[in-house]
Amino acid sequence: MDLSKNPDVAGLADTAELHRYAEALLVHLAADGSAPGLPSDVADVPGYWLAPAVQALVLTLAGEDAMEPLSRAAGLDEGRTALFLCLALAVAGHGDRIHASWLGTAFGDLSDDRPVTSGQRAVWLAAARGAYGPVGKIFVLRKLDAVAVPAGDERWLEALVPDEPAQVVPQALAGFPPLTELPEICGPVRAADRLNRLRERCAEITTSRQPATASKIVTGSVWPDAEPLAVLHTLIGQSGHEGPLSSLRGHLLQDVQPGAEPHLAALALHVAAPAVKEAAETLLRAAQEPPPDTVTLPVLGHPVILRPEGPDRDSMQAAEHGIVTESVPERRGNWLGYALIAIGVVVLGVGFTISLAAPFAGVAVAMWGGFLLWRRRVQEQADLDRVQARLAELHETAEGAVWALHEHARESMKRADAAAEDFTELTRLLRRGPRAA
């Protein structure tokens, strides 16, 4: 029903008084569920469905027979009459007084290829919160069951548990960040974590912490966004349009997102159960993937192949050669030191025949050459110590990574068992479905 296409009342009797009373009626219904006295001049607005519908509502709230005004209102506009009574009684906390046929008339048919009207959504919300009792919730469930949800639709998984960008680090590999970035390592870990979060989200939805209730609106918190009241205001002519409409699937996807109202989420999860189970099976298969037998880990900037029995010998030798090559800088030969020593010795030998100062100069030149040779030896020793330290770090890191992978393999077995338990529990939750009561 398109609520924006209100009946033309321009040619009818003056409806101002009727609209004022209807507005006051909604205020009282939302406040304490009561109805103010019906003025005599409101009782008769020929040709307008709202007048007899208001009469039928007031009589119903008073526990009196409302058949005559109800028949007149339905004859003028059956759809708006049924929707008005269903929502008004829900807001007043007397949804159990509606007739079952009113729900069918007010709700109409749902289809995935056309938007959900504001009236349909308001009845949907009221029924989900228990305004019409178990019968109303079962009615909406049957309407939603007509929605065909492809089992491979991944939008439901993304709506229930959005994929977190933060990387899940296995405890065994906490000291080896590069290993946690490998797809064959992080894939099963992320899948198991997401399956666990999916199970927790479904448990949160299906395990209602409080019974669905829609007694009287006191604080305005019973109806989020005041949907039923907004639709009622539109019905009595106090609003010009329905507002933006969403598709049926769009509403359902929104209802299962984290933070959504739990009773709405339970109905949406019931509809999405085939797709959720399919997504859980995919996550389970990924979580139970065994860890790889061979892993290539960059150690000190050099790729090293790790196997269960230890690091690969050829890759370790290549890494060792690379470390030696990059750790020992190219240096000029030490011929200058030897040349200075030789010159010093020659000057020292012939210096006595030249002058008394010549031998001292020869000793100084020879000592300078010796200093150069000593400094060169110190540099070579430092290079050797650095290479040995880097090689020791290479072997220690590679061996530690192998042991970490062994521990990760043991953790993977426990993770796979936990994922299987999560899937079993998730299947049980989906099979149980939403509680009608």
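Look above for the structure.
Residues numbered from 1 in each chain as written. Predicted model: local features only at pLDDT ≥ 70, side-chain atom pairs only at ≥ 80, totals over all residues. Heavy atoms only, no water.

Bringing the sheet that holds strand β3 (residues 295-299) into the picture now. The three strands lie next to each other as β3-β4-β5, forming an open sheet whose pairing is antiparallel. Looking along the sheet, the strands with just one partner apiece sit at the ends: β3 and β5 (310-311). Summarising the sheet, β3 and strand β4 (residues 302-307) pair through five bridges and their orientation is antiparallel. Residue pairing for β4: Leu297 is matched across the bridge by Val304. (Pairing = 2+ DSSP bridges. Helix = DSSP H or I, 4+ residues; strand = E, 2+ residues; numbered from the N terminus.)

Under the definition given, this model contains three aromatic pairs. Measuring from centroid to centroid gives 6.0 Å for Trp49 and Phe84, while their planes differ by 75°, and the two rings are edge-to-face. In this pair, Trp49 is assigned in the loop between α1 (16-32) and α2 (50-61) and Phe84 in helix α3 (residues 67-91), connecting sequence segments 35 residues apart. Consider the rings of Phe107 and Phe139, whose centres lie 5.6 Å apart with planes at 80°: the pair is edge-to-face. Of this pair, Phe107 sits in helix α4 (residues 100-107) while Phe139 sits in helix α6 (residues 133-145), and the two are 32 residues apart along the sequence. (Phe/Tyr/Trp six-rings, centres within 6.5 Å; stacked < 30°, edge-to-face > 60°.)

So, on to the packing of α1 against α2. For any two helices packed against each other, the geometry comes down to the angle between their axes and how far apart the axes lie. Where α1 meets α2, the closest approach of the two axes is 11 Å, and the angle between their N-to-C directions is 30°. As α1 packs across α2, the resulting crossing turns out to be left-handed. Contact with α1, carried on its side by Leu18, His19, Tyr21, Ala22, Leu25 and Leu29, involves Leu50, Ala51, Val54, Leu57, Val58 and Leu61 of α2 and no other residues of that element. For the contact of α1 with α2, a count of residues per class yields eleven nonpolar, one polar and no charged. (Axes fitted to C-alpha atoms, helices over the stretch in contact; angles between N-to-C directions. Left-handed = near helix turned anticlockwise from the far one by under 90°. Contact = heavy atoms within 4.5 Å. Nonpolar A, V, L, I, M, F, W, Y, C, P; charged D, E, K, R; others polar.)

The topology assignment puts Arg386 in helix α15 (residues 358-432). Between the alpha carbons of Arg386 and Ile323 there is a distance of 9.8 Å; along the sequence they are 63 residues apart.

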